[in-house]
Amino acid sequence: MSYSEKVLDHYENPRNVGTFNKDEAGVGTGMVGAPACGDVMKLQIRVNDQGVIEDAKFKTYGCGSAIASSSLVTEWVKGKTLDEAMSLKNTLIAEELALPPVKIHCSILAEDAIKAAVADYRQKHGGGGEYTACNPPKEH
Amino acid sequence: MDFNQDHFALFGLTPTFAIDAEALDRAYRELQTEIHPDRFAHAGEAEQRLAMQWSTRTNEAYQTLKSPFARAKYLLELQGIQAMDANNTAMPAEFLMQQMEWRESLMAALAAADYAGLQALEQAAKAEAERLLDLLAADLDARRDYPAASETLRKYRFLEKFLADIDNAYAELE
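Calculation notes
Residues numbered from 1 in each chain as written. Chains lettered and ligands numbered in written order. Predicted model: local features only at pLDDT ≥ 70, side-chain atom pairs only at ≥ 80, totals over all residues. Heavy atoms only, no water. pLDDT = per-residue confidence, 0-100. Contact = heavy atoms within 4.5 Å. Buried area = accessible area lost by both parts, 1.4 Å probe. Salt bridge = Lys/Arg side-chain N within 4 Å of Asp/Glu carboxyl O. Core = buried A, V, L, I, M, F, W, Y, C linked by side-chain atoms within 4.5 Å. Buried < 20%, exposed > 50% of the residue type's maximum accessible area, 1.4 Å probe, protein only. Helix = DSSP H or I, 4+ residues; strand = E, 2+ residues; numbered from the N terminus. Phe/Tyr/Trp six-rings, centres within 6.5 Å; stacked < 30°, edge-to-face > 60°. Lys NZ or Arg CZ within 6 Å of the ring centre and 35° of its normal. Expected span 1.5 Å × (residues − 1). Polar contact = N/O pair within 3.5 Å; in protein donor to acceptor, adjacent residues only side chain to side chain. Domains from an automatic or database assignment.

## Description of the confidence of the model for chain A
Overall, the predicted model of chain A reaches an average pLDDT of 89, with 89% of residues at or above 70. Within the model, the stretch residues 134–140 of chain A combines pLDDT values under 50 with 13 contacts to residues more than four positions away or in other chains.

Here is the structure:
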């Protein structure tokens, strides 16, 4: 598989790798996984009093495209409001990184991760419903 | 032979997760002998082509039923469930947390060339994979709870990937 230059750039110099304390009041944490390839992604945001995302960090165990997708998203969401972050579409990520069709699921993973992070933050602050990725989890 | 048969019926097996591996091997060998290309050496072109299609079909069915992962995935497909749907990224948080921790430990063990650490991780992951396979059998055969089986299979997939990562780590240390 040949990666695009942008994917390689994010893969070799990933932005914002790291972790915030998930118990901190201003921090929202999103964790998602892709069984098809076994990728695990954690994306965290730090939100200020004005509801703007000040900082973002990620940790991804997966292929180059998954790492690049999460790295790109942490760059994009800085300075955005929660609603703006919620409206982020995976197609934009895929387009920016020129992901081939077999790697589109990596961009879906990153979109779901940021949405899960925003939902986690909102839940902590008593507003909005829980975001449950694309499909609701099975009940049992 | 009937092309519309499912993989289990093809080998005369009941469609369950727990299978008789010997019966599967036996039925596979019998079928392969029956449709071996040599037996069609003097047959017409159409018959030869059909024998070839059957051979391919039989191989595919055998490989699917032999692997626990593929067999469970196939059983769920028979129930109309696509367990590996890429659009479904939701997994229980505590499960993902554990996966994250294991992968962090693996990276640390690899960086420190910690062979014993790798072995401990491998043991833990193998035990968890075994547990999930047992649970899968209970979900599929005893309880017939297919949504639960789907989630168990998805978890098992992460374990398979992690065990492959451990194998790669061993190879890097050598």
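What follows continues from the structure just given.
## Some words on the interface of chain B and chain A
Opposite the 23 residues of chain B that make contact, chain A presents 25 residues. Regarding the contact of chain B and chain A, the summed buried area is about 2200 Å², with carbon and sulfur atoms giving 66% of it. Joining chain B to chain A, the criterion identifies one salt bridge. We note a salt bridge from K59 of chain A to E104 of chain B, for which the minimum N-O separation is 3.1 Å.

## Let's talk about the nonpolar core
Buried together is how nonpolar side chains tend to be arranged in soluble globular proteins. If you look at the biggest cluster of nonpolar residues, it comprises 51 residues, and the most contacted ones within it are F11, L136, L140, L153 and I166 of chain B. Contributions of two or more residues to this core are made by α1 (7–10), α2 (21–34), α3 (45–66), α4 (68–78), α5 (93–111), α6 (115–142) and α7 (146–173) of chain B. For this core, the element with the most residues is α7 of chain B, which contributes eleven residues. Judged by nonpolar contacts, the second largest core, of 32 residues, contains M41, I93, L109 and A117 of chain A.

## Thoughts on the packing of aromatic side chains
Residue and element names in this part refer to chain B. Scanning the model with the defined rule gives six aromatic pairs over all chains in all. With a centroid separation of 6.4 Å and an interplanar angle of 70°, the aromatic rings of F11 and Y28 are classed as edge-to-face. Of this pair, F11 sits in the loop between α1 and α2 while Y28 is found in helix α2, placing the two residues 17 residues apart along the sequence. Across the pair, exposure class does not vary: F11 and Y28 are buried alike. Taking 5.6 Å as the distance between ring centres and 75° as the angle between the ring planes, the aromatic pair formed by F95 and F158 counts as edge-to-face. Taken as a pair, F95 in helix α5 and F158 in helix α7 lie far apart in primary sequence, 63 residues in all. On the basis of relative accessibility, which here comes to 0%, the residue F158 falls in the buried class. Joined through ring pairs, the aromatic side chains of F11, Y28 and Y62 make up one cluster. A cation over an aromatic ring shows up here: R71 above the ring of F17, its NZ or CZ 4.8 Å from the ring centre. The ring of F69 has R157 lying over it, and the distance from NZ or CZ to the ring centre is 4.3 Å.

## Some thoughts on α6 of chain B
All names here are of chain B. An ideal rise of 1.5 Å per residue puts 40 Å on 28 residues; α6 measures up with 40 Å between its terminal C-alpha atoms. Residues of α6 that are buried include every one of G117, L118, L121, E122, A125, E128, A129, L132, L133, L136, D139 and L140, and no others. Of the surrounding secondary structure, the elements contacted by the buried residues of α6 are α4, α5 and α7. Near the N-terminus of α6, the side chain that reaches the backbone nitrogen of A116, with its oxygen 3.4 Å away, is that of D114.

## Describing the domain arrangement of chain B
Accessible area lost upon the coming together of the parts is a frequently used measure of interface size. Domain parsing of chain B yields domain 1 (7–66) and domain 2 (93–173). Computed over C-alpha atoms only, the centres of domain 1 of chain B and domain 2 of chain B are separated by 33 Å.

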